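Summary of structural features
So you can see what is in the structure, the chains are spelled out below.
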Amino acid sequence: MHALRKNHPLRRIVLASAATVSGMVLLLSLKPHDTPTAIAATSPSTAPSAAGAGTFTGDSVQTRWGPVQVRITVKDGKLTDVTAVVYPSDNPRDQEINGYALPRLRTEALQAQSADIDTVSGATYTSDGYRQSLQSALDSATG
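Residues numbered from 1 in each chain as written. Predicted model: local features only at pLDDT ≥ 70, side-chain atom pairs only at ≥ 80, totals over all residues. Heavy atoms only, no water.

Considering the confidence of the model for the protein chain
What counts is decided by this rule: Along the chain, pLDDT gives the predictor's confidence residue by residue, from 0 to 100. We call two residues contacting when some pair of their heavy atoms lies within 4.5 Å.
Per-residue confidence for the protein chain gives a mean pLDDT of 80, with 78% of residues at or over 70. Contacts from residues 33-46, a stretch scored under 50 in pLDDT, to residues over four places away or in other chains number 25 contacts.

Observations regarding the packing of aromatic side chains
Rules: Only Phe, Tyr and Trp rings are paired, with Trp represented by its six-membered ring, and only when their centres lie within 6.5 Å; those with planes under 30 degrees apart are stacked, over 60 edge-to-face, the remainder tilted. Put simply, DSSP marks the helices as runs of H or I at least four residues long and the strands as runs of E at least two long, and each gets a number from the N terminus on. Per-residue accessibility, obtained with a 1.4 Å probe over protein chains only, is compared with the maximum for each type, and a residue is labelled buried under 20%, exposed over 50%, and partly exposed between these values.
As enumerated under the stated definition, the model contains one aromatic pair in all. Between the aromatic rings of W65 and Y125, the centroid separation amounts to 6.4 Å while the plane-to-plane angle is 80°, which identifies the pairing as edge-to-face. Remark: Y125 occurs in helix α3 (residues 124-142) and W65 occurs in the loop between β2 (61-63) and β3 (66-75); sequence separation between them is 60 residues. Given a relative accessible area of 33%, W65 falls into the partly exposed group. Take Y125: its relative accessible area is 11%, and that puts it in the buried class.

Things to note about helix α2 (residues 92-112)
We count it as follows: Take the residue count of a helix, subtract one, and multiply by 1.5 Å to get its expected span. Think of it this way: the bend at a residue is just the angle between two axes, each fitted to seven residues, one set ending at that residue and the other starting at it. Definition of a polar contact: a pair of N or O atoms within 3.5 Å, with one able to donate and the other able to accept a hydrogen when the atoms are protein atoms, and with sequence-neighbouring residues admitted only if both atoms are side-chain atoms.
Given a rise of 1.5 Å per residue, 21 residues ought to cover 30 Å, and the 30 Å separating the end C-alpha atoms of α2 matches this to within 8%. At N98, α2 is deflected by roughly 30°, the largest bend along its length. Of all the positions in α2, only D94, I97, N98, A101, L102, L105 and A109 are classed as buried. Those residues of α2 that are buried lie in contact with β4 (78-86) and α3. For α2, the N-terminal capping position is held by N91, with its side-chain oxygen 2.9 Å away from the main-chain nitrogen of R93.

Observations concerning the environment of Q69
Here Q69 shows up in strand β3. Under the relative-accessibility criterion, Q69 is labelled buried at 17%. Along the backbone, Q69 and Q132 are 63 residues apart, and their C-alpha atoms lie at a distance of 8.6 Å. Once you skip the residues sitting within four places of it in the chain, Q69 turns out to touch T57, G58, D59, S60, T83, A84, V85, V86 and S133. Only 2.8 Å separates the side chain of Q69 from the backbone oxygen of G58, close enough to count as a polar contact.

Next up, the structure:
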């Protein structure tokens, strides 16, 4: 006869309880997928013009996990630097995500010379906020 059938009913109760607790922990650790709020539609990106030389700070864009804001440097009509000055960093997960996402977003922005950049997988909200703040800074540089 199997050990879990008759002789040890307490063992079945313990195993069932452990499985239930494990399942609940996994469910509670998932983050629901919502669309970010307070995000304005952006027009197609424009490269900075020669008239817009200097440093420009984009709008602070509120995302689900916190605000994102970038500062750009334009020299001779070319985007020469992009720095995230505000981004979610309240917990280790935010720090991990932004540790790999922000350098990739910066590299893409410098290569594209615009806010027409790809979303970093696993950092959708940060990418959207970054792109919108970058577009705002570029608009300031060209306007």
